[in-house]
Amino acid sequence: MKLRSLLAMPLRLEVVTGEDELDRTVRWVVTTDLLDPGRYLRGRELVLTGLVWRSGPADSETFVSALAAAGVSALAAWDLAAGAIPDDLVAACERHRLPLFKVPEDVAFATLTEEVVRRLSGARAADLTAVLDRHRRLVAGQGAGLDAVLDLLDRDLGMRCWVLAPTGRVVAGPPAPAPAVLARAFLTAPRLPHHLADPDVTLFPVAADTTSRVADWFLACAGDVAGRPPEHRALATELAALAALERARLDDRLSMEGRLAQEIVRLVASAAPAEEIVPRLELAGLDPASSFVAVAATGHGPLRPGELRTVLAEALPVPHPLVGLLDDEAVALVPVAPGADVAADVHATLQSLAPGLAGSGIAAGVSDVAPAAGLRGAVEEARYARRLGGGRAEPVRVVRHDELATHALLLASVPDDVRQMFRMRLLDPLHDYDDVHKADLIRTLETFLQNSGSWTRCAEQLHLHVNSVRYRIQRIEDLTGRDLSRLEDRVDFFLALRLA
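Residues numbered from 1 in each chain as written. Predicted model: local features only at pLDDT ≥ 70, side-chain atom pairs only at ≥ 80, totals over all residues. Heavy atoms only, no water.

Let us look at the packing of helix α15 (residues 455–462) against helix α16 (residues 466–480). Here α15 crosses α16 at 105 degrees, and the two axes come no closer than 9 Å. It follows that α15 is roughly perpendicular to α16 by the angle criterion. Here Trp455, Thr456, Cys458 and Ala459 of α15 lie close against α16, whose contacting residues are Val466, Val469, Arg470 and Ile473. Split into classes, the residues belonging to the contact of α15 with α16 amount to six nonpolar, one polar and one charged. (Axes fitted to C-alpha atoms, helices over the stretch in contact; angles between N-to-C directions. Helix = DSSP H or I, 4+ residues; strand = E, 2+ residues; numbered from the N terminus. Parallel < 35°, antiparallel > 145°, perpendicular 65-115°, else oblique. Contact = heavy atoms within 4.5 Å. Nonpolar A, V, L, I, M, F, W, Y, C, P; charged D, E, K, R; others polar.)

Across the sheet, five strands lie side by side as β1-β5-β4-β3-β2; this open sheet has mixed pairing. Every other strand in the sheet has two partners, leaving β1 (14–17) and β2 (28–31) as the edge strands with one partner each. Neighbour to neighbour, the strand axes of the sheet diverge by 30 degrees on average, direction disregarded. The sheet contact formed by strand β4 (residues 74–77) and strand β5 (residues 100–102) spans three bridges and is parallel. What sits directly across from alanine 76, in β5, is phenylalanine 101. Docked against the sheet, helix α2 (residues 87–95) engages β1, β4 and β5, running at close to 75 degrees with respect to β1. (Pairing = 2+ DSSP bridges.)

As a general rule, the predicted coordinates of low-pLDDT regions are not to be interpreted in detail. Per-residue confidence for the protein chain averages 85 on the pLDDT scale, and 90% of its residues sit at or above 70. Across the protein chain, α2 holds the top mean pLDDT of 95, while helix α12 (residues 407–413) sits lowest at 57. Ignoring residues within four places in sequence, the model shows residues 138–144, a span with pLDDT below 50, making 10 contacts including any to other chains. (pLDDT = per-residue confidence, 0-100.)

Turning our eyes to something else, we now look at the pattern of salt bridges. Counted by the stated rule, this structure contains 21 salt bridges. The salt bridge involving glutamate 263 is made with arginine 280; its shortest N-O contact spans 2.8 Å. Remark: arginine 280 occurs in helix α8 (residues 274–283) and glutamate 263 occurs in helix α7 (residues 256–269); sequence separation between them is 17 residues. Given a relative accessible area of 25%, arginine 280 falls into the partly exposed group. Put simply, Arg482, Arg486, Glu488, Asp489 and Asp492 are held in one network by salt bridges that share partners. (Salt bridge = Lys/Arg side-chain N within 4 Å of Asp/Glu carboxyl O. Buried < 20%, exposed > 50% of the residue type's maximum accessible area, 1.4 Å probe, protein only.)

Attention now moves to the packing of aromatic side chains. Under the definition given, this model contains three aromatic pairs. With centroids separated by 4.1 Å and ring planes inclined at 15 degrees, the aromatic side chains of tryptophan 53 and phenylalanine 63 adopt a geometry described as stacked. Residue tryptophan 53 is located in the loop between β3 (45–49) and α1 (57–70), and its partner phenylalanine 63 is located in helix α1; the two are separated by 10 residues in the primary sequence. For the pair formed by tryptophan 53 and phenylalanine 63, the shared burial category is buried. Taking 5.1 Å as the distance between ring centres and 50 degrees as the angle between the ring planes, the aromatic pair formed by phenylalanine 448 and tryptophan 455 counts as tilted. (Phe/Tyr/Trp six-rings, centres within 6.5 Å; stacked < 30°, edge-to-face > 60°.)

Following this line, the structure appears as structure tokens:
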């Protein structure tokens, strides 16, 4: 703002000298009683003083020359004890061409500071809004990042902000306070914006069109933004919109990288020959001699396939994985270093998103490590493991390749109606009996099988006499027509219990 704007404020400032310099701009307000405050000034300040530093006329020259050397825009003063501004101070300001204002006796410096700072913040916020608008167009057209804008807000307005993914990864900005805490608060907040007391941060959504927060980014601004000037709140909204543009640019499946990843995944899934796949891997910046892991994921609930693809890409432990869609299934090809545990990384990251999966869920399968020539088998293995995870009840289900060499693999491949019929025929008579007689036959059967048919261990675990266990097992055999001394009948009961 310019000095002449001070005269339009309800502060009743009077120009003592320097009327021809009122087009100077003011950057900030500083109150000082130091004789030589130069080392604390950066230029273009409005300096307020009560003249405590003045012990004689010579001090005015020392004080004003220090202000002029620091590039101060103007001085506003009043000597409450003397009830006037000394002539030597006026003369010093005239010599150094420093505008001097008289502050009315009944106007406190705190009131003056508050009013000027409010006007400065509003003007600066308006300027930054224009900058953000220009930068938004740059992001849309040229892919500029967010860090420069966040730095501008911090430096010029003291408004420190961060852009984060729902996993807690800082997308842009300086290191954030407790990013995992911020991410969980974003996923679970009943409404947004949301002020978090510890750390003292306000959270804003970035995108307005996502069906689930797990597929969004979010903006975190230090402090309670609701208590800031309206211009700051508008800036936070504008910055969130800018982050949404950047997110859309990075997630754009129509980009060259996105189209290439989609093409590679489809070629691998269709068993295309290596001579078609290898050049495309190289074009994507991957070494065909590397080892790879395939990851397949599906979501249920409101998550759209494109959003699922975004979530899977965020969960993978490499910066730019190849992720494509096969109908409603997201499939990723991940280059891995020796000893890396992609399944553990994927499970941990997706699990951190579980608080935001109310009404929805994600099932994922992870293959064993394979060379580029074995990518088709890795994808099939990951997709089969994902189908196995689809039958589980947790919001996040991650099945790794080594779980496929078990009975669970066979159970997952059986149609649902067949599994239900098998379970009902074996276990429904026991459930019905338990409901009427409270005999606990189901728990007895499960404990008996877990102890490999040992009467003694089963009795100890159930806190029963061995004869009571024998009686219950006999009742199970009578109700089902099975013989629990036979291995095949034990296997049938074991599978039925696992299906339950």
